[in-house]
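If you want the building blocks of each chain, they are given just below.
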Amino acid sequence: MASPTIHTYIFFHHRHALELSLITHHTLLLLCCIHDCFNCVIHLSHQLSIFSFCESIPTMKTIVASLLLSSTAAFTPAARSLAGVPQGTVSSSTTLRMIPIKEPSNNSFYPFPSETESTSNIVLNALSPKSNEEVTDGSASVRQLLGVKGASGTTDIWKIRLQLTKPVTWIPLVWGVMCGAAASGNYHWIWNPFDPNDRNVMLGLEDALKGFVGMILAGPFLTGYTQTINDWYDREIDAINEPYRPIPSGAISEGQVIFQIWFLLLGGLGIAYGLDVWAGHDFPTVLALSIFGSWVSYIYSAPPLKLKQNGWAGNYALGCSYISLPWWCGQAIFGELDRPVYFILPILYSIAGLGIAIVNDFKSIEGDRELGLQSLPVAFGIDGAKWICAGSVTLTQLGVAAYLYSIGESTYAAILGGLLLPQIYFQATLLLPDPVANDVKYQASSQPFFVFGILATALCLGHHDFSA
């Protein structure tokens, strides 16, 4: 990201430090649950005798300093537009009124222009947004924290900050780190009852902590950064498609959003470097991957490139960010990226990720068309895009299964084929008949089989003897 000038906030208020502690507390609670899932999956792989482990114990390095440095900064002291004020009574530049730009801004944060420096002729300065149609099944508060539709409204700034990071989107990245650890073949369980050679408690604890920190990097920090910067640059299209989102609704000020972007980005890069030091890397592989991923996130959302305006480039960038990059990060933490197959298979899965990303574009076709964005549903129509989606998801997995079969891993190839069958069924019954009405239902039904297929492939690579 073109060496931007970093604006540092010097003075912090007590209430902002409290907000940070609350966000950190809830984030760690969620990540602890994900960490338990991580250990369960790896434990199951040991029961199947999938991993082969090295005997050497890596040198313990500490990344506590990196974590502390990224955690001690308080959130921006910029004035809240909604702190304790009911929505609709706010009179600031962050409410939602479409008016032509007349005045220049004297409060910008390069490379993130303030709202009055918007690259279009529209500024988000308007009045009360549409209703979010809050759900009545009791899940509205949880939806608000996860950043999904049907959420309840809130003026609690730390909840709004967490909502901007869309925690529900952390899960694929955390899963990718797990897959990378599995593909390395070098993740050690704390005490494996099925393998007497894998009962080094200290080594197991170290690997568990490494995996946990890798999840924090991939989830709250870098995915949080990606989602926040995407919402910042999408504030105008969100004013059409989702006007109840925190930025277009005026629930959070522009200064607070921009500080959150910098905090998550710099904190994530600090953690990435700490992981490289801990793993003893001569070249900072995790940091390099994190910088590259952050740059992709920026050009995906921000002008002049704004990859999301192009359906092919934008959706592939999204698939790569959610599948390949976290896989490579997890594998680099525990092993080496020293074979072409470690790059080829994640890239193939990213093509399938392109198809999954298309599903998310169906619901936004109205706003995309109005603003001239060439998403694939806009470019090819709903009927054309749904076939591109189904084809990319199905054909790439068939290709991966064929490769696994070609290297003698017929069992894993059969598992992958078995996981593909229900995906084809849900395509035929949900996606192809009506992708707009069934987008959420299709994703919820089909994606679990897809992500377990990725894990099966990673476990196969971790188990396979490439020297034979």
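Since we're looking at a predicted model, the values are computed, not measured.

Looking now at the overall build of the chain. Looking only at helices and strands, the chain has 16 helices and 2 strands in total. Counting across all 468 residues of the chain, residues that qualify as buried make up 55%. Taking as baseline every contact in the chain between residues at least 6 positions apart, the subset at least 24 positions apart corresponds to 74%.

Further remarks concern the side chain of H188. As for its position among the elements, H188 is in the loop between α5 (170-184) and α6 (201-233). Side-chain polar atoms of H188 contact the backbone oxygen of N186, separated by 3.2 Å. A polar atom in the side chain of H188 sits 2.8 Å from the side chain of D207.

A word on a nonpolar patch on the surface. Taken together, the side chains of W191, V201, M202 and L205 define a hydrophobic patch exposed on the protein surface, amounting to about 400 Å² of accessible area. Within the secondary structure, W191 is located in the loop between α5 and α6.

Attention now moves to the pattern of salt bridges. For the structure shown, the criterion picks out 4 salt bridges. Between D231 and R245 there is a salt bridge whose closest N-O contact spans 2.5 Å. With a gap of 14 residues between them, D231 in helix α6 and R245 in the loop between α7 (235-241) and α8 (246-249) connect regions that are remote in the sequence. Judged by relative accessible area, which is 2%, D231 ranks as buried. Judged by relative accessible area, which is 3%, R245 ranks as buried. A salt bridge links K386 to D383; the nearest nitrogen and oxygen atoms lie 3.4 Å apart.

Moving on, we come to the packing of aromatic side chains. Tallied over the entire structure, the rule returns 11 aromatic pairs. With centroids separated by 5.4 Å and ring planes inclined at 50°, the aromatic side chains of W328 and F343 adopt a geometry described as tilted. Taken together, the residues span a long stretch of sequence, with W328 in helix α11 (residues 311-334) and F343 in helix α12 (residues 341-362) at a distance of 15 residues. Since its relative accessible area comes to 33%, F343 is described here as partly exposed. An aromatic cluster is built from Y425, F426 and F449, whose rings are joined through pairwise contacts. Cation over ring: R235 sits above W232, and NZ or CZ is 4.2 Å from the ring centre.

Here we come to the nonpolar core. Judged by nonpolar contacts, the single largest core of 80 residues is most densely connected at L217, L275, V286, W327 and Y349. Apart from the residues within four sequence positions on either side, W327 is in contact with G176, C179, G180, A183, Y342, P346, Y349, I454, T457, A458 and L461. Counting 14 residues, the second largest nonpolar core, distinct from the first, contains F362, L376, A385 and A390.

Right, let's talk about helix α4 (residues 157-164) for a bit. With respect to burial, α4 is a largely interior element, 7 of its 8 residues being buried. Within α4, burial applies to I157, W158, I160, R161, L162, Q163 and L164. Immediately beyond the C-terminal end of α4, within one or two residues, lies K166, with a positive phi of roughly 45°.

All right, on to unusual backbone geometry then. Omega for the bond connecting P303 with P304 falls within 30 degrees of zero, at 10°, which places this linkage in the cis form. By secondary structure assignment, the location of P304 is in the loop between α10 (285-301) and α11. One non-glycine residue, K306, lies in the positive phi region at around 40°. Examined against the element boundaries, K306 turns out to sit in the loop between α10 and α11.

This brings us to helix α15 (residues 410-431). With 22 residues, α15 ought to run about 32 Å at 1.5 Å a step, and its terminal C-alpha atoms sit 30 Å apart, in line with that. All of the buried residues along α15 are Y412, A413, L416, L419, L420, P422, Q423, F426, Q427, L430 and L431. Each element contacted by the buried residues of α15 is listed here: α12, α14 (376-406) and α16 (439-463).

In this section: the packing of α5 against α11. Look at α5 against α11: their axes get within 6 Å of each other, and the N-to-C directions meet at 45°. Taken together, α5 and α11 sit at an angle that is classed as oblique. Our pair here, α5 against α11, has a crossing hand that is right-handed. Within the contact between the two elements, α5 uses P172, L173, G176, V177, C179, G180, A181, A183 and S184 and α11 uses S321, Y322, P326, W327, G330, Q331 and F334. Here the residues of the contact of α5 with α11 sort into 10 nonpolar, 6 polar and no charged.

With respect to the helices and strands, the residue G280 is situated in the loop between α9 (254-279) and α10. Sequence separation between G280 and I333 is 53 residues; the distance between their C-alpha atoms is 9.4 Å.

With respect to the helices and strands, D439 occurs in helix α16. No salt bridge forms around the buried D439; measuring N to O, its nearest opposite-charge neighbour K363 is 5.3 Å away. Contacts of D439, omitting those with residues within four sequence positions, involve V359 and K363.

This part is about the packing of α5 against α16. Each pair of packed helices gets described by two things: the angle between the helix axes and the distance between those axes. Where α5 contacts α16, the axes come no closer than 7 Å and their chain directions differ by 20°. As the angle between them shows, α5 and α16 are arranged roughly parallel. Seen from α5, the contacting residues are W175, C179, A182 and A183; seen from α16, they are V451, F452, I454, L455, A458, L459, L461 and G462. Looking at the contact of α5 with α16, its residues break down into 11 nonpolar, 1 polar and no charged.

The subject of this paragraph is the confidence of the model for the chain. Residues with a pLDDT of 70 or more make up 68% of the chain, whose mean pLDDT is 77. This stretch, residues 40-107, has a pLDDT under 50; its non-local contacts, to residues over four places away or in other chains, come to 172 contacts. Scored below 50 in pLDDT, residues 115-130 makes 61 contacts in the model with residues more than four places away or belonging to other chains.

Each value, and the rule that gives it
- Residues numbered from 1 in each chain as written.
- Predicted model: local features only at pLDDT ≥ 70, side-chain atom pairs only at ≥ 80, totals over all residues.
- Heavy atoms only, no water.
- Helix = DSSP H or I, 4+ residues; strand = E, 2+ residues; numbered from the N terminus.
- Buried < 20%, exposed > 50% of the residue type's maximum accessible area, 1.4 Å probe, protein only.
- Contact = heavy atoms within 4.5 Å.
- Polar contact = N/O pair within 3.5 Å; in protein donor to acceptor, adjacent residues only side chain to side chain.
- Patch = residues over 30% accessible without salt bridge, like charges linked within 9 Å, V, L, I, M, F, W, Y side chains within 5 Å.
- Areas by Shrake-Rupley, 256 points an atom, 1.4 Å probe, with all protein chains shown as cover.
- Salt bridge = Lys/Arg side-chain N within 4 Å of Asp/Glu carboxyl O.
- Phe/Tyr/Trp six-rings, centres within 6.5 Å; stacked < 30°, edge-to-face > 60°.
- Lys NZ or Arg CZ within 6 Å of the ring centre and 35° of its normal.
- Core = buried A, V, L, I, M, F, W, Y, C linked by side-chain atoms within 4.5 Å.
- Expected span 1.5 Å × (residues − 1).
- Axes fitted to C-alpha atoms, helices over the stretch in contact; angles between N-to-C directions.
- Parallel < 35°, antiparallel > 145°, perpendicular 65-115°, else oblique.
- Left-handed = near helix turned anticlockwise from the far one by under 90°.
- Nonpolar A, V, L, I, M, F, W, Y, C, P; charged D, E, K, R; others polar.
- Lys, Arg positive; Asp, Glu negative; His and termini not counted.
- pLDDT = per-residue confidence, 0-100.

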